[in-house]
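# Residue-level structure breakdown
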Amino acid sequence: MNALVALCHFCELHGPRTLFCTEALHPPSPSPSSLAGTAGPGDRDRDGDREGEGLTMRANSSATQRGEMCEGCRSLPASHPGFVSIDDETGIRFLSHQHPRQPQLFSVVRQACVRSLSCEVCPGREGPIFFGDEQHGFVFSHTFFIKDSLARGFQRWYSIVMVAMDRIYLINSWPFLLCHLRLTIQSLQSTALKVFDIEQGVCPQRSVRMNSVFSPAVFPHQRSGNAARSLTSLTQHPNLWASLHSSFSWLLKACGSRLTEKLLEGAPTEDTLVLIERQSEQEEEMSCWEGAEGGDSTSQRHQSESKLGLDFLCDDAKLNELPGPKFRSLRHLRQVLGVAEFRQLVWHVLMGNQVIWRGADPGLIQSAFTVLKVVHSAAALHSASLCFPVGCVCSVPYSAQYEEAYKCNFLGLSPDVHIPTHVSSSDFSVLVDVSIERNGRICAVGEYDISALYQFTISSANTQPTDRGPTLLNKLEVALSNENLSVDVVSHCLLCLKEEWMNKVKVLFKFSKVDGRGREDTQKVLALLGATGTGEEDNVRLLKFWMTGLSKTYKSHLMTAVRGGERSPSQ
């Protein structure tokens, strides 16, 4: 991350000062000679100069600056080489010293320090605040107090600032920065509080000051010459600056890696928009719960619901860690269940009915949900998952109690959970009972024979025949039954089918919901989309269900465009 973290202090003698600064130094781009495989004559010397420049930190070499610094304004001696940490993965070096190594950065950090400890403060003078501009950079600042028995008001004022030129990135990192900077600040405050209590126990300063004669001219010298005490003496931490270097370096690395940029070839898909919206909603909810007073129990309940897997995306990494047999692909699931049972199951999935799996193996059930859901990335193409919009799926991978259909349409249950009568008798649900048949055998390649290990029983109150439609299901079965097509080819085929039907959903949504056309006109559009004829009822039901998976961004864009078109003629 192209940012800089600094610890600042308001000195009683010299005002705002920068105490400690950590910056990230990215490796230089390779020269043409190095790309050709030969090192230039001056490359080695230039690398040595960069290393020396990073270690000496010559920004603090001025004699004037050294003369204006007291004990409270200084962190490391002028002769100290500073701290250096190297990230082996990226080659980035994290350099820490009292001041930045570049004069331009020195002025930027100096201005951020002055503003954070003077005019840019939040109510109560303690807490986070954001300020800045395009010229001098944007600053995330968190001010706080450190206890000192010899200071005015028995406390000193500090701030930790992060300076960056990317305003959007810094604002999006606000919850992350606030959480981890508070941990560092609380550690400093708790350590200094212990030292404060010990000093007050030995010599209470409040009574000493009340009995002494006050003189503004000699006030700093009435405290044994300790008007400015270093942070090291306030905390009695022998490795304070090394510890802060580790914390700031980790913060720069973690903050830079938590958000990544993706190159989108063309407009983002509906799945991408839905995932972005869900991530934003989750971050907003988490920040709201963290900021609510007395919301500990509610926050814990919210986190427990998140652990149930109400979000669409299951953690595939955790799935691979679960022992036991798993479904490898949609074709594998079809082979295990059988052609007729597989078609019945997938029909319920496409119609939006609740799909319930009940068994003792969470890994097997979660793998079934994984292959029945959407291919959401190129890395997941090998699993040949079903074409299914992200916005249409809400999943609880494994639960000890039944969850209603409005909460999830994919539900995994333990074998002893009772299905309510209104669910088992409903036409809008299907139950897959997984029972242990006998001891399964392991194939030569080390894989489980699921057919020999488990018995699958599919039951539903819906007696509607599934042999006619929808059209998407028929094309899906043609692709899966063709053994000449590899798993990757089938995955790409399903992805194309999904995009084709998502386009039909968009057209139908625009025509029926946005424009408000009648039933006769809608029927003509369905015929134009190829949704009429054999399996027409199932096709229409599928399109209506998939409408619920459209992103809010797309819907609002359509409504805005329509309203703008209605106003333009009058204007």
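Look above for the structure.
Residues numbered from 1 in each chain as written. Predicted model: local features only at pLDDT ≥ 70, side-chain atom pairs only at ≥ 80, totals over all residues. Heavy atoms only, no water.

## Some thoughts on the nonpolar core
Proteins that are soluble and globular tend to have nonpolar side chains buried together. Going by this rule: Only buried residues count toward a nonpolar core. Its members are Ala, Val, Leu, Ile, Met, Phe, Trp, Tyr and Cys residues joined through side-chain atoms within 4.5 Å. Residue burial is assigned from relative accessible area. The probe radius is 1.4 Å, only protein chains are included, and a residue is buried under 20% of its type maximum, exposed over 50%, and partly exposed in between. In this description a helix means any DSSP run of H or I spanning at least four residues, a strand means any run of E spanning at least two, and both kinds are numbered starting from the N terminus.
F327, W357, F456 and W546 are the most contacted members of the largest nonpolar core, which totals 56 residues. Among the elements that take part in this core, helix 19 (residues 487-514) stands out by supplying nine residues, more than any other.

## Observations concerning the sheet that holds strand 6 (residues 137-147)
To be explicit about the condition: Strands qualify as paired when DSSP identifies two bridges or more between them. Throughout, an axis means a line fitted to C-alpha atoms (over the contacting stretch in the case of helices), and angles, computed between N-to-C directions, take values from 0 to 180 degrees.
What the seven strands build is an open sheet, ordered 3-4-2-1-7-6-5; its pairing is antiparallel. Only two strands of the sheet have a single partner each, and these edge strands are strand 3 (83-86) and strand 5 (127-133). The average angle at which neighbouring strand axes cross in this sheet is 20°, direction not considered. For strand 2 (residues 15-25) and strand 4 (residues 93-97), the ladder comprises five bridges, and the chain directions are antiparallel.

## Examining empty space enclosed by the protein
The condition that has to hold: In this analysis the probe radius is 1.4 Å and the grid spacing 1 Å, with only protein atoms considered; a cavity is a set of points the probe fits into but cannot get out of, a pocket is an open set with protein on both sides within 12 Å along at least five of seven lines, and lining residues have an atom within 4 Å of a point. Grid points are joined across faces, edges and corners, and a volume is the space filled by probe spheres set on the points. Residues are grouped as follows: nonpolar covers Ala, Val, Leu, Ile, Met, Phe, Trp, Tyr, Cys and Pro; charged covers Asp, Glu, Lys and Arg; every other residue, Gly included, is treated as polar.
Taken as a whole, this structure holds one cavity of 30 Å³ or more when the rule is applied. Approximately 40 Å³ is the volume found for the largest cavity. Every residue along the wall of the largest cavity is listed here: V108, Q111, A112, R115, F131, G132, H136, G137, V139 and V163. When residues of the lining of the largest cavity are traced back to their parent elements, those giving at least two are helix 4 (103-116), strand 5 and strand 6. Ranked by residues supplied to the lining of the largest cavity, first place goes to helix 4 with four residues. Among the residues forming the lining of the largest cavity, the class breakdown is five nonpolar, four polar and one charged.

## Some remarks on the pattern of salt bridges
Which entries qualify depends on this criterion: One side-chain nitrogen of Lys or Arg within 4 Å of one carboxyl oxygen of Asp or Glu is enough to make a salt bridge.
According to the stated counting rule, one finds 13 salt bridges in the structure shown. We note a salt bridge from R343 to E477, for which the minimum N-O separation is 2.9 Å. Of this pair, R343 sits in helix 14 (residues 339-351) while E477 sits in helix 18 (residues 471-481), placing them 134 residues apart in sequence. There is no split in this pair, since R343 and E477 are both buried. Between R358 and D433 there is a salt bridge, and its shortest N-O distance comes to 2.7 Å. Taken together, the residues span a long stretch of sequence, with R358 in strand 8 (residues 354-358) and D433 in strand 11 (residues 429-436) at a distance of 75 residues.

## Concerning the packing of helix 19 against helix 20 (residues 519-529)
For any two helices packed against each other, one specifies the crossing angle of their axes together with the interaxial distance. Note the threshold: Note on angle classes: values under 35 degrees are labelled roughly parallel, values over 145 roughly antiparallel, values of 65 to 115 roughly perpendicular, and the remainder oblique. Rotating anticlockwise by less than a right angle from the far helix to the near helix defines a left-handed crossing, while the corresponding clockwise rotation defines a right-handed one. Contact between two residues is taken to exist if any of their heavy atoms lie within 4.5 Å; hydrogens are not considered.
For the pair helix 19 and helix 20, the least separation of the axes is 10 Å and the interaxial angle reads 165°. Relative to helix 20, helix 19 is oriented roughly antiparallel. Once helix 19 is placed against helix 20, the crossing between them reads as right-handed. Counted together, K504, V507, L508, F511 and S512 of helix 19 and D521, T522, V525, L526 and L529 of helix 20 form the full contact between these two elements. Taken together, the residues of the contact of helix 19 with helix 20 break down into six nonpolar, two polar and two charged.

## Some points on the packing of aromatic side chains
Stated formally: Pairing of aromatic rings covers Phe, Tyr and Trp, the last counted by its six-membered ring, and requires centre-to-centre distances within 6.5 Å; plane angles under 30 degrees mean stacked, over 60 mean edge-to-face, and any other angle means tilted.
Per the stated rule, a full pass over the model turns up 15 aromatic pairs. Measuring from ring centre to ring centre gives 6.0 Å for F327 and W357, while their planes differ by 75°; the resulting arrangement is edge-to-face. Here F327, found in the loop between helix 12 (316-321) and helix 13 (330-337), pairs with W357, found in strand 8; they are 30 residues apart in sequence, far enough to count as distant. Residue F327 is classed as buried on the basis of its relative accessible area, which comes to 5%. Judged by centre distance (6.0 Å) and plane angle (50°), the ring pair of F327 and F456 falls under tilted. Here F327 is found in the loop between helix 12 and helix 13, whereas its partner F456 is found in strand 12 (residues 454-459), with 129 residues between them in sequence. A connected cluster of aromatic rings, assembled from ring pairs, spans F20, F83, W241 and F248.

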